[in-house]
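# Topology and contacts: notes
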Amino acid sequence: MKKGKRLLTTISILGMSILAWWISTTYVMKEAQSKRATGIYSYAIILGAKVNGTTPSLALRYRLDAALDYAQQHPHVTLVLSGGQGPDEGISEAEAMHNYLSAYGFPESRMILEDQSTSTFKNLENTKKLIPQDVTGITIITSDYHVARAGYLAEKAGYEWDTIPAKTPKVIEAKVRFRERLALLKTYVVGK
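Residues numbered from 1 in each chain as written. Predicted model: local features only at pLDDT ≥ 70, side-chain atom pairs only at ≥ 80, totals over all residues. Heavy atoms only, no water.

Attention shifts here to the sheet that holds strand 1 (residues 43-47). A sheet is described by the order of its strands in space; here five strands give the open sequence 5-4-1-6-7, paired in parallel fashion. Looking along the sheet, the strands with just one partner apiece sit at the ends: strand 5 (111-114) and strand 7 (160-166). Between one strand axis and the next, the sheet turns through 25° on average, direction left out of account. Bridge analysis of strand 1 against strand 4 (residues 78-82) gives five bridges, and the strand direction is parallel. Bridge assignment links Tyr43 to a residue of strand 4, and that residue is Thr78. (Pairing = 2+ DSSP bridges. Helix = DSSP H or I, 4+ residues; strand = E, 2+ residues; numbered from the N terminus. Axes fitted to C-alpha atoms, helices over the stretch in contact; angles between N-to-C directions.)

By size, the foremost hydrophobic cluster in this structure holds 26 residues, and its most contacted members are Ile46, Leu79, Leu81, Leu101 and Ile141. Contributing elements (two or more residues each) for this core: strand 1, helix 2 (58-73), strand 4, helix 3 (93-103) and strand 7. Among the elements that take part in this core, helix 2 stands out by supplying seven residues, more than any other. Ignoring sequence-local partners within four residues, the contact set of Leu79 consists of Ala44, Ile46, Ala67, Ala71, Leu101, Phe106, Arg110, Met111, Ile112 and Ile141. Core analysis: the next-biggest nonpolar cluster, separate from the first, contains 22 residues, Tyr43, Leu47, Ala148 and Leu153 among them. (Core = buried A, V, L, I, M, F, W, Y, C linked by side-chain atoms within 4.5 Å. Buried < 20%, exposed > 50% of the residue type's maximum accessible area, 1.4 Å probe, protein only. Contact = heavy atoms within 4.5 Å.)

Here the focus is the pairing of strand 4. Across the five residues that make up strand 4, a large majority, five, are buried. Taken together, the four bridges between strand 4 and strand 5 define a ladder with parallel strand orientation. Along strand 5, the bridge assignment pairs Val80 with Ile112.

Another aspect to go through is the pairing of strand 7. Of all the seven residues making up strand 7, six are buried; the element is thus mostly covered by neighbouring parts of the structure. Here seven bridges tie strand 6 (residues 137-143) to strand 7, and the two strands are oriented parallel to one another. In the strand pairing of strand 7, Ser143 is matched with Ala166. Regarding topology, helix 5 (residues 147-156) serves as the crossover connection from strand 6 to the parallel strand 7, and that connection is right-handed. (Right-handed = clockwise from strand over helix to strand, strands pointing away.)

See below:
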C-alpha cells in the first residue's frame, strides 16, 4: 500500500512540475514577444533558419518578410544577416538571406553578412564583432517562438533589445514550440 502511495505521489509531483514548466515557458515566450520594435535601434539582426539547398525555408522567408517590412518603415536601420552553413545546406543562411533581400531590391549598403555562426549564441557573439562597439541595443528578428531565448542571449551579450517576431509556419509549429521550451530550460541552466 505504501509503495502505491509513494508512486502516486511521485507521479503527481512530476505531473505538477511538467505543468509548471509548461505554463512558465508559455508566459516567458509570450512576454518576450511584447517587446515590439519601434525603430529606436539602428541595427536589426535577422537570426538564421534552415536553408533548403540555396532557398530559404518557409520559416526563414517569414523572418525575411518581417525584416523587409520593418526596414522599409525604418530606413535608418541596417540589417545583420546572421547564419552559417549547415552540412545539408547549399549556401550559408546569411547568403540565402542576402539573395532573398537583394531580389526585392533591398540595398547592399544596409546589409551586413555574418556567415559563420551555428547557434543563436554565436549569431549574437559574431554580430557584436561586426557592428560598432558603442551599439548598446539591437532589434531581433526571429520566429515568434524563438524571441524569448534570443532576447535572453542578447542580454548575456550585453545588448538591450526589442523584437519583430515573425510568424511560425503551421506545419512545424507544434514541434518547434515544444523543442524551444527544452532549449529555454537548457539556456537558463547552461547560459548559452
